[in-house]
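Examining the three-dimensional arrangement
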Amino acid sequence: MQHREAKIVLVMVGLPARGKSFLARKLARYLRWLGQDARIFNVGSYRRERIGQHKPASFFDPQNPDGNRARQRVALEALEDAFSWLRGGGQVALYDATNSTRARRRVIAELCHREGAEVLFVESLCFDRTIVETNVRETKLMSPDYVGVSTEEALRDFRERIAHYERAYEPVDDSEQSFVKVIDGGRQVVVNRVDGPLLARVVALLLNSRLTRHTIWLTRHGESIYNKERRLGGDSPLSPRGEAFATALGAHFTPPPPGLAVWTSTLQRTVQTADALGLPTTAWRQLDEIDAGVCDGLTYDEMARRMPDVYAARKADKLRFRFPQGESYLDVIHRLEPLILELERQTAPTLIVGHQAVLRTLYAYLVGDPIENCPHMTLPLHTLIELTPNAYGCDEKRTLLTRAVEERHSIIPS
Ligand code: F6P
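Summary of the structure given here. (Residues numbered from 1 in each chain as written. Predicted model: local features only at pLDDT ≥ 70, side-chain atom pairs only at ≥ 80, totals over all residues. Heavy atoms only, no water.)

1. Details of the site of the ligand
- The immediate surroundings of the ligand are formed by Arg220, Asn227, Leu232, Gly233, Arg269, Glu289, Tyr300, Arg314, Lys318, Tyr329, Gln356 and Arg360.
- The separation between an oxygen atom of the ligand and a polar side-chain atom of Glu289 is 2.5 Å.
- The contact in question runs from an oxygen atom of the ligand to an N or O atom on the side chain of Lys318, over 2.7 Å.
- Relative to its free-state accessible area of 390 Å², the ligand is covered by the protein chains to the extent of 93%.
- Across the shell around the ligand, the residue classes tally to three nonpolar, three polar and six charged. (Near = heavy atom within 4 Å. Polar contact = N/O pair within 3.5 Å; in protein donor to acceptor, adjacent residues only side chain to side chain. Areas by Shrake-Rupley, 256 points an atom, 1.4 Å probe, with all protein chains shown as cover. Nonpolar A, V, L, I, M, F, W, Y, C, P; charged D, E, K, R; others polar.)

Here is the structure:
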């Protein structure tokens, strides 16, 4: 991990509707999940707040001196705020604006260096017009800039705004030091002079991110014998209730969505659960449950009685607490990192049959919840979580799949 004190500014570059904000949000979510303090400074929001929402395309005309001055002012204000946030202990500022001319980027780089912050330009280029069109329709027309404006008028105005920027746009060139160019949503990625472990992670995410959006389902395995006994870890098989859940899961995915990928851990309770789908599965060691070390196989009560210090320490800081000879939640996050990249590369819908602690950390990444919440999240057994990405995050639906069985036992599993 990068030295805690390193200050970084990721400067987004690109014409409007090239997915800069989408990338910035994704990067911020990833960095926060890795434990970094990351924050987005979006110049569009500053403009709306300080100058007003409904600015016609002519405001963005490079020949309009008033518009230019006003835009430059808010851009510098946002950058200044980023700097004061970094001075106050922030680590990675994502400066989200078009930053479309070399002159503007030179000033930004200069100011960042004066501030002692490293700069990486992250440029999004789209030669594929269909990507731009989809972006315009899916995100820009919903923008606060066009509240109360007809779709037709908004489209006309926004295209004119893009045309203004296109006239002045200068792509990042080799002399501009550290940069990553993401072309056509990741079909091609160009990396220039990127150094340091944290920036290497930024590059890894950008290399693996795909534009295609697909649903991800998360579920814990069916109830296991150890779950019934409230024991930690182990590799026990499913209980009869767990088997009923596996059958219900199989029925839920009949017929399966086209191309559905099914991932499990290497432990038999997840493999057995996924077997009911009758589809090929991939077993990942990274998805194995948190290693409870010396507590593996104990019940929570036994742990409290036999190792009160361990129990108390875990209760005091469950995120950082590492089981003797085992893992902490933070360790789980680190071992899941390659799997996240694999998940980002997926172009098909994916079902992950996992375990409580591991799914809590995956869920935190997918929905952007702070990692501090991970160890305390409620992810009950026998509940299917469906996450469908939208332009700004994802929609979530939870379904208890074995309602009939649960009601018969009059318990909601934990
Ligand atoms: O109880 C099921 C289980 O998956 C255990 O194997 C594991 O140790 C535990 O959940 C993790 O949850 P927590 O961190 O809340 O103890």
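And the narrative resumes.
2. A look at empty space enclosed by the protein
- The full count for this structure, using the stated rule, is two cavities of 30 Å³ or more.
- Empty space within the largest cavity amounts to approximately 130 Å³.
- What lines the largest cavity is a set of 16 residues, and nearest its centre among them are Phe22, Leu23, Val182, Gly185 and Leu211.
- Among the elements that take part in the lining of the largest cavity, helix H1 (residues 20-33) stands out by supplying three residues, more than any other. (1 Å grid on protein atoms, 1.4 Å probe; cavity = no way out; pocket = protein on both sides within 12 Å on 5 of 7 lines; lining within 4 Å. Points joined across faces, edges and corners; volume = space filled by probe spheres on them. Helix = DSSP H or I, 4+ residues; strand = E, 2+ residues; numbered from the N terminus.)

3. Notes on the packing of helix H2 (residues 43-50) against helix H3 (residues 65-87)
- Contact pair H2 / H3: the axes reach a minimum separation of 9 Å and the direction vectors enclose 120°. H3 is crossed by H2, and the crossing has right-handed handedness. Where H2 abuts H3, its residues Val43, Tyr46, Arg47 and Arg50 lie against Val74, Ala75, Glu77, Ala78 and Asp81.
- Taken together, the residues of the contact of H2 with H3 sort by class into five nonpolar, no polar and four charged. (Axes fitted to C-alpha atoms, helices over the stretch in contact; angles between N-to-C directions. Left-handed = near helix turned anticlockwise from the far one by under 90°. Contact = heavy atoms within 4.5 Å.)

4. So, the pattern of salt bridges
- Applying the stated criterion across every chain yields a total of 34 salt bridges.
- For the salt bridge of Arg50 with Glu77, the shortest nitrogen-to-oxygen distance reads 2.3 Å. With a gap of 27 residues between them, Arg50 in helix H2 and Glu77 in helix H3 connect regions that are remote in the sequence.
- Its relative accessible area of 27% is what places Glu77 among the partly exposed residues. (Salt bridge = Lys/Arg side-chain N within 4 Å of Asp/Glu carboxyl O. Buried < 20%, exposed > 50% of the residue type's maximum accessible area, 1.4 Å probe, protein only.)

5. Regarding the packing of aromatic side chains
- Inspection of every chain in the model, using the stated rule, returns nine aromatic pairs.
- Both rings, one in Trp33 and one in Tyr365, keep their centres 5.5 Å apart while their planes meet at 65°; by these two values the pair is edge-to-face. Of this pair, Trp33 sits in helix H1 while Tyr365 sits in helix H14 (residues 356-367), and the two are 332 residues apart along the sequence.
- Classification of Trp33 as buried rests on a relative accessible area of 2%.
- Residue Tyr365 is classed as buried on the basis of its relative accessible area of 1%.
- A centroid spacing of 6.0 Å and a plane angle of 40° characterise the contact between Phe60 and Tyr165, whose relative ring orientation is tilted. A residue pair is termed long-range when its members are at least 10 positions apart, and Phe60 in the loop between H2 and H3 and Tyr165 in helix H6 (residues 151-168) qualify at 105 residues.
- By relative accessible area, which is 11% here, Tyr165 ends up buried. (Phe/Tyr/Trp six-rings, centres within 6.5 Å; stacked < 30°, edge-to-face > 60°.)

The values are spatial; any link to function lies outside them.
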